[in-house]
Amino acid sequence: MKRTLTAALAALAAIALASPAEAAPGDTPARVCSLGTVDLKNPPPGYPVDKIYEIARQLGLPEPTGLGVGCDKEVRTDPYSKIHSYPERGPVVLRASETARTQLYCTDSAAFAGKLLDNLPETLVVIGSGCVVEPNPIII
């Protein structure tokens, strides 16, 4: 009984301590968004979330939960993968820089080239849904 309980506790601990970075498969395209990323579940005060929701609806994307602006550079998803091209739709990893401490892993996304806000230049904007904030495996 004690051995079974110990094994069960060890398995639960391994699951609990598993890196959330395992959520993003190695073949997921990753982009550096030089103008920043935003977790839309916890946006900064005053952020124009309504505008982003409207654009997401126009792109056919349900319930946006992540945003990347200036996502012009493709990078590796993890230390062991190669760079995967982003088809401007589908799963994606968004980082504020290649060595950012965290990243957004989105299970779906849509992108467009344009101006998101008046004070930003025209650039590649990626809006994601099903996004989670996780550690960047490149720097772990």
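In what follows, the structure referred to is the one given above.
Owing to the predicted nature of the structure, the values given are computational and were not obtained by experimental measurement.

About the thresholds
- Residues numbered from 1 in each chain as written.
- Predicted model: local features only at pLDDT ≥ 70, side-chain atom pairs only at ≥ 80, totals over all residues.
- Heavy atoms only, no water.
- Pairing = 2+ DSSP bridges.
- Helix = DSSP H or I, 4+ residues; strand = E, 2+ residues; numbered from the N terminus.
- Axes fitted to C-alpha atoms, helices over the stretch in contact; angles between N-to-C directions.
- Contact = heavy atoms within 4.5 Å.
- Salt bridge = Lys/Arg side-chain N within 4 Å of Asp/Glu carboxyl O.
- Buried < 20%, exposed > 50% of the residue type's maximum accessible area, 1.4 Å probe, protein only.
- Disulfide = S-S within 2.5 Å.

**Quick word on the sheet that holds strand E7 (residues 123-135)**
Here is step 1 of the chain: The strand order across the open sheet built from 7 strands is E2-E3-E7-E6-E5-E1-E4, with neighbouring strands paired in mixed fashion. In this open sheet, the two edge strands, each paired with only one partner strand, are strand E2 (37-39) and strand E4 (73-75). Strand-to-strand, the axes of this sheet are offset by a mean angle of 40 degrees, without reference to chain direction.
Here is step 2 of the chain: Summarising the sheet, strand E3 (residues 64-69) and E7 pair through 5 bridges and their orientation is antiparallel. Among the inter-strand pairings, glycine 68 is bridged to a residue of E7, identified as valine 126.
Here is step 3 of the chain: Against the sheet, helix H2 (residues 49-58) touches E3, strand E6 (102-114) and E7, its axis set at about 95 degrees to E3.

**A short note on the pattern of salt bridges**
Here is step 1 of the chain: Taken as a whole and assessed by the stated rule, the structure comprises 4 salt bridges.
Here is step 2 of the chain: Of the charged contacts in the structure, one is a salt bridge between glutamate 54 and arginine 57, with a shortest N-O distance of 3.2 Å. Residue glutamate 54 and its partner arginine 57 are both found in helix H2; the two are separated by 3 residues, about one turn of the helix.
Here is step 3 of the chain: Among the salt bridges present, the one from arginine 89 reaches aspartate 108, with a minimum N-O distance of 3.9 Å. Placement of arginine 89 in the loop between E4 and strand E5 (92-95) and of aspartate 108 in strand E6 is noted, with a sequence separation of 19 residues between them.
Here is step 4 of the chain: Overall, arginine 89 belongs to the partly exposed group, its relative accessible area being 35%.
Here is step 5 of the chain: Judged by relative accessible area, aspartate 108 falls into the partly exposed class, the value being 23%.

**Description of the state of the cysteines**
Here is step 1 of the chain: All told, the structure shown has 2 disulfides when counted by the stated rule.
Here is step 2 of the chain: Between cysteine 33 and cysteine 71 runs a disulfide, and the two sulfur atoms are separated by 2.0 Å. Note on the cysteine 33 and cysteine 71 pair: the S-S dihedral is about 105 degrees, so by sign convention the disulfide is right-handed. With cysteine 33 in the loop between strand E1 (30-32) and E2 and cysteine 71 in the loop between E3 and E4, this pair connects stretches of sequence that are 38 residues apart.
Here is step 3 of the chain: Judged by relative accessible area, cysteine 71 falls into the buried class, the value being 0%.

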